Amino acid sequence: MTDELDPRVADSQQQWRTTRAALNGNRRRLALAAAGLYGSTALGDTGLIAGPGWLPDGPVDLRDVELRADPAAMPPVLDGTEEASALVRPMNTLVRRYPRYTHAIRDLSQPRLFENRMCWRLTDIGWAGGSGQMAYADSSYFASVDIAEVVAHELAYVALDGGQVRPTALRDLPYRKLIGDPFDLGRRPLVSAISTLTIRGGSEPSFLLHRRDPRSVASAGGMLQVIPSGIFQPSSVLPAGAAADFSLWRNIQREYSEELLGLAEAGGDGDPVDYTVEPFAGLDAARADGRLRVYALGVALDALTLIGEVLTVAVIDPDLFDELSADFVDRNDEGVMAETVPFTEQAIRELLAGGRVAPAGAGCIDLAWRWRDQILGA
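Reference entry: report on the structure contained in this document.

Conventions used here
Residues numbered from 1 in each chain as written. Predicted model: local features only at pLDDT ≥ 70, side-chain atom pairs only at ≥ 80, totals over all residues. Heavy atoms only, no water. Helix = DSSP H or I, 4+ residues; strand = E, 2+ residues; numbered from the N terminus. Expected span 1.5 Å × (residues − 1). Buried < 20%, exposed > 50% of the residue type's maximum accessible area, 1.4 Å probe, protein only. Arc of directions from axis to C-beta. Contact = heavy atoms within 4.5 Å. Pairing = 2+ DSSP bridges. Axes fitted to C-alpha atoms, helices over the stretch in contact; angles between N-to-C directions. Phe/Tyr/Trp six-rings, centres within 6.5 Å; stacked < 30°, edge-to-face > 60°. Core = buried A, V, L, I, M, F, W, Y, C linked by side-chain atoms within 4.5 Å. Salt bridge = Lys/Arg side-chain N within 4 Å of Asp/Glu carboxyl O.

### Observations concerning helix α11 (residues 359-370)
- Helix length check: α11 (12 residues) gives 16 Å between terminal C-alpha atoms against 16 Å at 1.5 Å per residue, within 8%.
- Among the 12 residues in α11, 10 count as buried, and that is most of the element.

### Brief notes about helix α3 (residues 101-108)
- Within the sequence span of α3, burial applies to Tyr-101, Thr-102, Ala-104, Ile-105 and Leu-108. Summarising the axial view, the buried residues of α3 lie within an arc of 155°, below the 170-degree limit, and thus occupy one face.
- On its buried face, α3 sits against α1 (7-25) and α4 (141-159).

### Description of the sheet that holds strand β3 (residues 65-69)
- As summarised here, the arrangement of the 3 strands in space is β3-β7-β6, forming an open sheet in which the pairing is mixed. Of all the strands in the sheet, the pair left with one neighbour each is β3 and β6 (118-128). Averaged over all pairs of adjacent strands, the angle between their axes in this sheet comes to 25°, without regard to strand direction.
- As defined by bridge partners, β3 adjoins strand β7 (residues 131-140) across 5 bridges and the pair is classed as parallel. Across the sheet, the residue bridging to Val-65 is Gly-132, located in β7.
- Packing against the sheet, α4 makes contact with β6 and β7, and its axis sits at approximately 95° to β7.

### Quick word on the packing of aromatic side chains
- Tallying each qualifying case throughout the model produces 12 aromatic pairs.
- Aromatic side chains Trp-16 and Tyr-101 sit 5.4 Å apart centroid to centroid with 50° between the ring planes, which places their arrangement in the tilted category. A residue pair is termed long-range when its members are at least 10 positions apart, and Trp-16 in helix α1 and Tyr-101 in helix α3 qualify at 85 residues. Neither Trp-16 nor Tyr-101 differs from the other in exposure class; each is buried.
- An angle of 75° between the planes, with centres 5.3 Å apart, marks the rings of Phe-343 and Trp-369 as edge-to-face.

### Description of the nonpolar core
- Counting residues in each nonpolar core, the largest one holds 106 residues, and the members touching the most others are Met-134, Leu-197, Phe-207, Leu-248 and Ile-365.
- A per-element tally of this core places α4 first, with 11 residues.
- In this structure, Met-134 is in contact with Val-65, Glu-66, Leu-67, Arg-68, Leu-122, Asp-124, Ile-125, Trp-127, Leu-248, Val-299 and Val-310, ignoring residues within four places of it in sequence.

### Regarding unusual backbone geometry
- Residues Ile-227 and Pro-228 are joined by a peptide bond in cis, for which omega reads 5°.
- Here Pro-228 is to be found in the loop between β12 (224-226) and β13 (229-231).
- Put simply, Glu-278 and Pro-279 share a cis peptide bond, and its omega is 5°.
- Along the chain, Pro-279 turns up in the loop between α7 (248-260) and α8 (280-288).
- If you check the backbone angles, Leu-306 has positive phi at about 65° while not being a glycine.
- Turning to its location among the elements, Leu-306 is positioned in the loop between β14 (292-302) and β15 (308-316).

### A look at the pairing of β6
- For β6, a buried count of 8 out of 11 residues is recorded, marking the element as mostly surrounded by other parts of the structure.
- As defined by bridge partners, β6 adjoins β7 across 10 bridges and the pair is classed as antiparallel. The residue of β7 that forms the bridge with Trp-120 is Asp-138.

### A few points about the pattern of salt bridges
- Following the criterion strictly, the structure yields 17 salt bridges and no others.
- Here Glu-149 ties to Arg-27 by a salt bridge, and the two come within 2.7 Å at their closest N and O atoms. Here Glu-149 is found in helix α4, whereas its partner Arg-27 is found in helix α2 (residues 27-36), with 122 residues between them in sequence.
- Judged by relative accessible area, which is 5%, Arg-27 ranks as buried.
- A network of salt bridges, in which partner residues are shared, links Arg-20, Arg-27 and Glu-149.

Shown next as structure tokens:
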């Protein structure tokens, strides 16, 4: 009998699969429990936490958010291979656990979309006087997952009991305790997603929601999410691509083209995206003449995974929205278009109370409603 077939190895791997399935089925409730571990940093009941100075005093035009490269940033202290993560890394053989959580996902529960692409990790953030600045260094998607899914899996393993989330303290969570201050940007590779609440403006504003397919994505599967949403990363590993794509707006544009229009994803291994062609040129023109307005709402962490979330909102004039939506797809590589929700207090309250919205989406909706006069009144 080989090690891989030994019952102890099989049991370890099956326990890992069972806990991961429970994790994916309870991410919203676990995020709220995780947020409770960090006290007053919780952003309402969204499942997000925000550090001091991570949220501006109001919506900031995306043009007023400056990005800078930080090539001199020190490597993160943690990488997910530490002994404290052993609890959630299943056995690979009788004498060896999987060295990284991503290795276990690859072998035991791989979603359809799971590639280790270059990403940018946040190293600094600040807001002042209606503007913002963020600094980023190079990283990779798996570098983030190797820590983010460890802390999520750990909480699910410790806190889930028969479908209920029991009270848990940091002392019961060795890897989360090892991380310590979640807002210490040098402690771990803080790769961030950019999530955008897309609002059809006008006299009766509404917004779009997307249901993420758990068979296709590694996180937030089965949950509702604002659309578009994607990891901050270049369209190509070629230097010209990285230079052109180091922009929150360019990332949002690519996600629009992929998630709403169903165009092919820039997988990182080809030529850089040409932003002079459609739909990018048209989106640029609409933003230049004010028919499409994009605001940064702040940066937060998903309390469950401690992944960074750049929260944004795009308001599209109704005529332009209707023109664009004629080409929207019903399904994309990450899930299906779920519903259109009125941008009203009652609809938002009912939606968020239902617990179906991923933390990043809930944060976008919560902040956009809080600052609705500035956003819709522009």
